[in-house]
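Spelled out from the first residue to the last, the chains are:
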Amino acid sequence: MSHDAQKVRSFEHPGEGRKRAKSTPKGRQVDPQAAEEIALLLGDRPRRRDLLIEHLHLIQDTWKQISASHLAALADEMKLSFAEVFETATFYAHFDIVKEGEASVPPLTIRVCDSLTCAMLGGEKLLHELQTIAGPGIRVVRAPCVGLCDVAPVAEVGHHYVFHATSSEVLATAARGETEPDIPPYVDYDTYVKDGGYKLLNDLRAGRVSKEDVLKALDDSSLRGLGGAGFPTGRKCSRIASICFAICTVSWRAR
């Protein structure tokens with residue numbers, strides 16, 4: 001069939017011409033039941049964005065997992081994007097995210113630390129043994145370093161750590177229902193303040209101690225970071241002092 005390549009031909013759209021297409025909701029839709037559950041769970045708690053992780057913990061503790069529908073409902077309740085809530089939740093190993101179509105998480109999760117120290121002291125063997133013999137109702141997964149190298153290998157039954165763990169002791173701990181953390185003795189806030197806690201911070205705020213005094217003390221201490229470079233802490237703080245009032249270095253055990 002021949003045609004003239006120079007001839008302009010009108011294009012007939014297969015649709016309905018100028019008629020507007022039917023509008024459809026954009027983005028992930030919030031399940032009404034999930035929205036009601038999240039609203040009731042949060043109650044009168046503030047919906048500030050800095051409380052996102054606290055609210056994620058609340059969902060995890062209530063349902064032992066965080067479903068995609070609850071993530072979407074939480075994002076809607078806090079006026080955040082779903083991507084922001086999802087990225088935050090999936091960053092931390094202790095949040096069990098269940099996507100659409102996936103089976104629910106078993107009632108109990110056992111996590112085995114897969115740090116180098118735990119691996120050298122039998123962590124891999126422990127992981128494979130538990131995955132083989134744990135049985136139904138228990139999920140056995142790897143966990144990033146839990147910061148307990150001195151008692152490796154370490155397993156976590158729910159939120160209860162088992163030191164120098166063996167498969168028999170881990171499963172016995174699960175059978176006893178020991179899934180809550182052991183809280184060691186600690187100094188509460190009021191006692192800490194009464195004994196002089198935050199004195200330097202208060203002096204700094206009141207102008208009795210200058211920012212330069214604090215930076216000099218850090219520099220004179222020869223305190224260094226624990227990374228490979230061992231960068232002097234005082235020098236680092238001095239470089240960003242114009243945008244930071246105070247810097248606290250904390251040790252955290254699990255992502």
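Keep in mind that this is a model prediction, so the values were computed, not measured. (Residues numbered from 1 in each chain as written. Predicted model: local features only at pLDDT ≥ 70, side-chain atom pairs only at ≥ 80, totals over all residues. Heavy atoms only, no water.)

A. Summary view of the packing of helix α1 (residues 32-42) against helix α3 (residues 68-78). Taken N-terminus to C-terminus, the directions of α1 and α3 make an angle of 60°; their axes are 8 Å apart at the nearest point. Regarding the angle of α1 to α3, the classification is oblique. Like other packed secondary-structure pairs, α1 and α3 cross with a definite hand, here right-handed. When α1 is examined against α3, the residues Ala34, Ala35, Glu37, Ile38, Ala39 and Leu42 are found in contact with a partner set consisting of Ser69, His70, Ala73, Leu74 and Glu77. Among the residues making up the contact of α1 with α3, the classes are represented as seven nonpolar, two polar and two charged. (Axes fitted to C-alpha atoms, helices over the stretch in contact; angles between N-to-C directions. Helix = DSSP H or I, 4+ residues; strand = E, 2+ residues; numbered from the N terminus. Parallel < 35°, antiparallel > 145°, perpendicular 65-115°, else oblique. Left-handed = near helix turned anticlockwise from the far one by under 90°. Contact = heavy atoms within 4.5 Å. Nonpolar A, V, L, I, M, F, W, Y, C, P; charged D, E, K, R; others polar.)

B. Representation of the nonpolar core. Membership of the largest hydrophobic core comes to 18 residues, with the highest contact counts inside it found for Leu52, Leu56, Ile66, Leu71, Leu74 and Val85. Taken together, the elements giving at least two residues each to this core come down to α1, α2 (52-63), α3 and α4 (82-91). The greatest single-element share of this core, amounting to five residues, is contributed by α3. Here leucine 52 is in contact with Leu74, Met78, Leu80, Glu84, Val85 and Thr88, once residues within four sequence places are set aside. (Core = buried A, V, L, I, M, F, W, Y, C linked by side-chain atoms within 4.5 Å. Buried < 20%, exposed > 50% of the residue type's maximum accessible area, 1.4 Å probe, protein only.)

C. Up close: the packing of α2 against α3. It is at 12 Å that the axes of α2 and α3 come closest, and there the two elements cross at 145°. Considering the relative orientation of α2 and α3, their crossing is right-handed. On the side of α2, the interface is formed by Leu52, His55, Leu56, Ile59 and Trp63, while α3 contributes His70, Leu71, Leu74 and Met78.

D. How the structure looks around the pairing of strand β3 (residues 108-113). Counting buried residues along β3, six of its six residues qualify, which places the element largely inside the surrounding structure. Side chains Leu108, Ile110 and Val112 of β3 all project onto a buried face; the interleaved residues Thr109, Arg111 and Cys113 project onto the opposite face, where all are buried too. The pairing of β3 with strand β4 (residues 138-143) spans six bridges and is parallel. Across the sheet, residue cysteine 113 finds its bridge partner in β4, namely alanine 143. Note: β3 against strand β5 (residues 155-157), three bridges, orientation antiparallel. Pairing of isoleucine 110 across the sheet is with valine 157, part of β5. (Pairing = 2+ DSSP bridges.)

E. Quick look at α4. Taken residue by residue, α4 has Val85, Thr88 and Ala89 as its buried positions. Projection of α4 onto a plane perpendicular to its axis shows the buried side chains occupying an angular sector of 95°, all on one side. Lining the buried residues of α4 we find α2, α3 and β2 (97-98). (Arc of directions from axis to C-beta.)

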